[in-house]
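Summary of structural features
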There are 6 protein chains.
Amino acid sequence: MLHKLLASVERISAIEPVSAHCDIPCKIYDPHHAQIAVLTMIRTLDLLLELNDKDSLTKTEEAQFVRLVAQKEEHGIKVKDEVRVIWGDYFKQPQFDAFPEIHELTHTIMLLTSKLKQGLDRDVGVELLEKVNRFAQIFWESKSVATYTADCPYPPALPVTYPDLKG
Amino acid sequence: MLHKLLASVERISAIEPVSAHCDIPCKIYDPHHAQIAVLTMIRTLDLLLELNDKDSLTKTEEAQFVRLVAQKEEHGIKVKDEVRVIWGDYFKQPQFDAFPEIHELTHTIMLLTSKLKQGLDRDVGVELLEKVNRFAQIFWESKSVATYTADCPYPPALPVTYPDLKG
Amino acid sequence: MLHKLLASVERISAIEPVSAHCDIPCKIYDPHHAQIAVLTMIRTLDLLLELNDKDSLTKTEEAQFVRLVAQKEEHGIKVKDEVRVIWGDYFKQPQFDAFPEIHELTHTIMLLTSKLKQGLDRDVGVELLEKVNRFAQIFWESKSVATYTADCPYPPALPVTYPDLKG
Amino acid sequence: MLHKLLASVERISAIEPVSAHCDIPCKIYDPHHAQIAVLTMIRTLDLLLELNDKDSLTKTEEAQFVRLVAQKEEHGIKVKDEVRVIWGDYFKQPQFDAFPEIHELTHTIMLLTSKLKQGLDRDVGVELLEKVNRFAQIFWESKSVATYTADCPYPPALPVTYPDLKG
Amino acid sequence: MLHKLLASVERISAIEPVSAHCDIPCKIYDPHHAQIAVLTMIRTLDLLLELNDKDSLTKTEEAQFVRLVAQKEEHGIKVKDEVRVIWGDYFKQPQFDAFPEIHELTHTIMLLTSKLKQGLDRDVGVELLEKVNRFAQIFWESKSVATYTADCPYPPALPVTYPDLKG
Amino acid sequence: MLHKLLASVERISAIEPVSAHCDIPCKIYDPHHAQIAVLTMIRTLDLLLELNDKDSLTKTEEAQFVRLVAQKEEHGIKVKDEVRVIWGDYFKQPQFDAFPEIHELTHTIMLLTSKLKQGLDRDVGVELLEKVNRFAQIFWESKSVATYTADCPYPPALPVTYPDLKG
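Residues numbered from 1 in each chain as written. Chains lettered and ligands numbered in written order. Predicted model: local features only at pLDDT ≥ 70, side-chain atom pairs only at ≥ 80, totals over all residues. Heavy atoms only, no water.

Examining the relation of the copies chain E and chain F
In summary, the two copies of the chain are related to each other by a rotation about an axis coupled with a shift along it. Condition: For this overlay, a least-squares fit was computed on C-alpha atoms, restricted to residues scoring pLDDT of at least 70 in both copies. Here, residues are in contact when the closest pair of their heavy atoms is within 4.5 Å.
Screw-axis analysis of chain E against chain F gives a translation of 0.0 Å along the axis, an RMSD of 0.0 Å, and a rotation angle of 180°. Here the transformation between the copies is reduced to the relation of a two-fold axis. Taking C-alpha positions as reference, the residue of chain E nearest the rotation axis is E:His33, located at 3.6 Å. Residue by residue, 100% of the interface of chain E is reproduced at the interface of chain F, so both copies engage with the same surface.

Focus: the interface of chain D and chain C
This is how it is decided: Buried area counts how much accessible surface, traced with a 1.4 Å probe, disappears from two parts once they are put together, with both parts' losses summed. What counts as a salt bridge is simple: a side-chain nitrogen of Lys or Arg found within 4 Å of a carboxyl oxygen of Asp or Glu. By the criterion applied in these results, polar contacts are pairs of N or O atoms within 3.5 Å in which, for protein atoms, one can donate a hydrogen and the other can accept it, and in which residues neighboring in sequence qualify only through two side-chain atoms. Each helix is a run of DSSP H or I of at least 4 residues and each strand a run of E of at least 2, with the numbering of both proceeding from the N terminus.
Of the residues lining the interface, 41 residues belong to chain D; the matching set on chain C comes to 41 residues. Together chain D and chain C conceal approximately 3800 Å² of surface at their shared face, both sides included; 66% is due to carbon and sulfur atoms. Seen at the junction of chain D and chain C, the total is 2 salt bridges. C:Lys166 is the salt-bridge partner of D:Asp164, the closest N and O atoms lying 2.5 Å from each other. For the interface between chain D and chain C, the tally reads 13 residue pairs in polar contact (both at pLDDT 80 or more). The set of elements that each furnish at least two residues to the side of chain D that touches chain C consists of α1 (2-9), α2 (32-52), α3 (59-90), β1 (147-151) and β2 (159-163) of chain D. If one sorts the elements of the side of chain D that touches chain C by residue count, α2(D) sits on top with 8 residues.

Focus on the nonpolar core
The tendency in soluble globular proteins is for nonpolar side chains to be buried side by side. As a reminder of what qualifies: Residues belong to one nonpolar core when they are buried, are Ala, Val, Leu, Ile, Met, Phe, Trp, Tyr or Cys, and are joined through side-chain atoms within 4.5 Å. Here's how the labels work: a residue is buried when its accessible area is under 20% of the maximum for its type, exposed when over 50%, partly exposed in between, all with a 1.4 Å probe on protein chains only.
Formed by 324 residues in total, the largest nonpolar core has its most connected members in A:Phe91, B:Phe91, C:Phe91, D:Phe91, E:Phe91 and F:Phe91. Beyond its immediate sequence surroundings of up to four residues, A:Phe91 is in contact with A:Ile86, A:Phe96, A:Ile102, A:Phe135, A:Ile138, A:Phe139, A:Ser142 and F:His107.

Concerning the relation of the copies chain D and chain C
If you rotate chain D by 180° and push it 0.0 Å along the axis, it lands on chain C with an RMSD of 0.0 Å. Mapped onto chain C, 98% of the interface residues of chain D again fall at the interface, so both copies present the same surface.

Description of unusual backbone geometry
Trans peptide bonds make up the majority, and among non-glycine residues the majority have a negative phi. That bond from A:Pro155 to A:Pro156 is cis: its omega, 5°, falls within 30 degrees of zero. Looking at where A:Pro156 falls in the secondary structure, it is placed in the loop between β1 (147-151) and β2 (159-163). Of note in this structure, C:Lys27 is not a glycine but carries a positive phi near 70°.

Let's talk about the packing of helix α3 (residues 59-90) of chain B against helix α5 (residues 102-118) of chain C
Stated formally: Orientation is described by lines fitted to C-alpha atoms, with helices fitted over the stretch in contact, and by angles between N-to-C directions that extend from 0 to 180 degrees. By the definition adopted for this analysis, an angle is roughly parallel if under 35 degrees, roughly antiparallel if over 145, roughly perpendicular if from 65 to 115, and oblique otherwise. Amino acids outside the nonpolar list (Ala, Val, Leu, Ile, Met, Phe, Trp, Tyr, Cys, Pro) and the charged list (Asp, Glu, Lys, Arg) are all regarded as polar, and Gly is one of them.
For the pair α3(B) and α5(C), the least separation of the axes is 8 Å and the interaxial angle reads 85°. Of the possible angle classes, the one that applies to α3(B) and α5(C) is roughly perpendicular. Counting all contacts with α3(B), which are made through B:Arg84, B:Trp87, B:Gly88 and B:Asp89, the residues of α5(C) involved are C:His103, C:Thr106, C:His107, C:Met110, C:Leu111 and C:Ser114. Here the residues of the contact of α3(B) with α5(C) are counted per class, giving 3 nonpolar, 5 polar and 2 charged.

Examining the pairing of β2(A)
Residue and element names in this part refer to chain A. Test applied: Think of it this way: DSSP has to see at least two bridges between two strands before they count as a pair.
Here β2 lies mainly inside the structure; 4 of its 5 residues are buried. Direction of pairing for β1 relative to β2: antiparallel, over a ladder of 5 bridges. For Ala150, the partnering residue across the bridge sits in β2 and is Val160.

Encoded structure:
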């Protein structure tokens, strides 16, 4: 199945072929989940900051504030989970040799996600997105899939690293 | 296929802008989640069918059988949830007018997902993927985002409809 | 098993017999879950509105406000899930023929639930309850089970459509 | 609100009025959830016993076996949770005085649910249903709501204690 | 396996040996989960009270308030779940004979946990911890494992009953 | 609060004091959760191996097989989650300087947990326990809390690293 896959995407890995022992192992990993989760955190943050600009909030707005905080929280857990799965199940010695930054990058993502959960600082969100994009880039590069960067087609319309599958 | 799609996208630009009131509303919807979930169902099905080809299973393989069924189940729930969110929160009258098939398509996805959860028929999986791809195509078209089709860069390496963001 | 069931409840369906292929399929569906969830949303809304009437809130009341919003949120998800299950697994062509309103009714329930999650408007809650009661009525009617309406025996004491099983 | 409720259901409690401090407190309790969960356990058990009667199983049937066990498990957790909530949040000294059996009845429900989760003995399921019906009866009696017993309008079509709300 | 266990911990039970039929049954119960959950509730309460002492809150602090309430809530559910499991699966007639207080103690833990979820009264937290410590003590005593009390090595640094395994 | 804690446990850290920014931050971390989860995985494995020794299984035993696999799976997720939280939220540069093995140890725990989820090899379980014990030892050492090792007081009665709090 792996051969068929490699053939179908018509790419050859420069590094040690991934012997992909995921948890099942099902060999399906996709950093897009983590990226969408970060974007959602930033989006809820933007909506929180809109409320922050108001002098006082109605009860409906206060309820919305609670919902936004809860959403930011929930997607923070998602970021951590999705990144942990790829780091803990997919990345192995060959990838660590090729990208020695992986451990530290992954750990930084955890810390930044916590920081973004705890506060309302948009810069933290943007920095986290950059780190998760780098994480995605390493992931696709380790599979010899080219990438490109484009603004995501929904708010917050920030740059996201996508696999270039158009061929 | 691609040509036809691009043509229809040009036409779609005339459609009323989506006044996207999602649940928060955060305006972030992405059918990619649903697509990955279907691909995972098909992938676990393929692994189940590999076990099905064996004369007898060791206890380790039987345990793997259980895990695969559970994974297929879990991702079936995910397909239904993700599709329900976009259908129930994002699609509204302007989209129903532009794509009168949406209700029936969504309902068919529900039925096919149930069928795929219940059995080991790969054709059902492929049919479900086609329906979810069509669902994704409508979604992106309603947002005037062009799409293309490529094999996903991991097993089961089947055609997936992606948004064309490269610009 | 279906025959045995039909015999045991001593009723005969006027419409096409439901060939009930639920997700397992276990054939157990009950809109009561969705109805209780809506009632709980309205109840938490009433408690939120009580807090809304106060000039200022103590920290204990503010914490209660947060809890109520979270509960309303959680039961909103429940409404959507429970309705989606019956719509996506139980209702099929025979029911759509008999009750052409089902798709639109279901979709309206999704939209109203989102609206009730987002705001503090009690009328939305009452309207949602009416829609879910109608959904329940169609469900029971499709199984040839008679219904009656009574105030639920707990707050918010609003009219609920129940199956008439007393015989 | 409590007075309004009592008025609206037009009943007077013979025992100490329940000052209902549920977890929120929202005062909405309904043993119907627990009853449906037991019925679902028995229903999945019946489907498991059908598979048990076969000489050998296809892989599709084996997968179904796994799904049924998982469903029985899940609804077992639900039975325990729903009963625990009513026991731990709603029942208090006035109810213990009126129904001294409550603690032991609740504990027996826990043990029987575990037993039903662990085995394939239908008698255990029927016994559990009786206990949960008794639990429901006490609950409604404590709220001065009359009850009646009828076969549930879906498989396994066994006797269930319902509140008599028809008035 | 039970004999081996009893041998390895080198203790002999004074009461009826526990014929431990847990839910799997796996025989692994540990009240430490419940104790950590109570400690976390008290810890979040302390952080909430710190916010309570301030004259006004920034939006970041208000968001933190929401997160703390949600955490307190979540760990309240954990307390109830963990205690319910040991009460409902592990404790049986021999333990009830040896410790007639178990039912009432367990029920009191449920009520106090609800109270702690609903309010900001630290005394309730301390009282709950005492009850859960007593619950743990009974548990270990029923297994003939000695206990000692020490402040937990993290905030809120309150006395916790631990099993004495050092030998 | 941190000072009070440090005083109450009467220990002084040799390494840089942990400025503990957990996710809330609540400063409560306890590797005991991860350790119990590993023990539960090994315990379910032992029960699976007992079934493995039988020539053929009854349907009740097959259902038990499914439940055990599911339990092993669930606790595998718990191991990964609990270890990820401490690694991602609690461990920071001072701990990495003092214990340079942390990244690799954590990653090895992820891989071994996956392996234990996938197979029925008890040696993998024992090796995982050793790694998680080492992880716990580093954790407590970083907080200047002494540790000791004792067999856990329930099956599988294997050596576990505990904090020495008896004073």
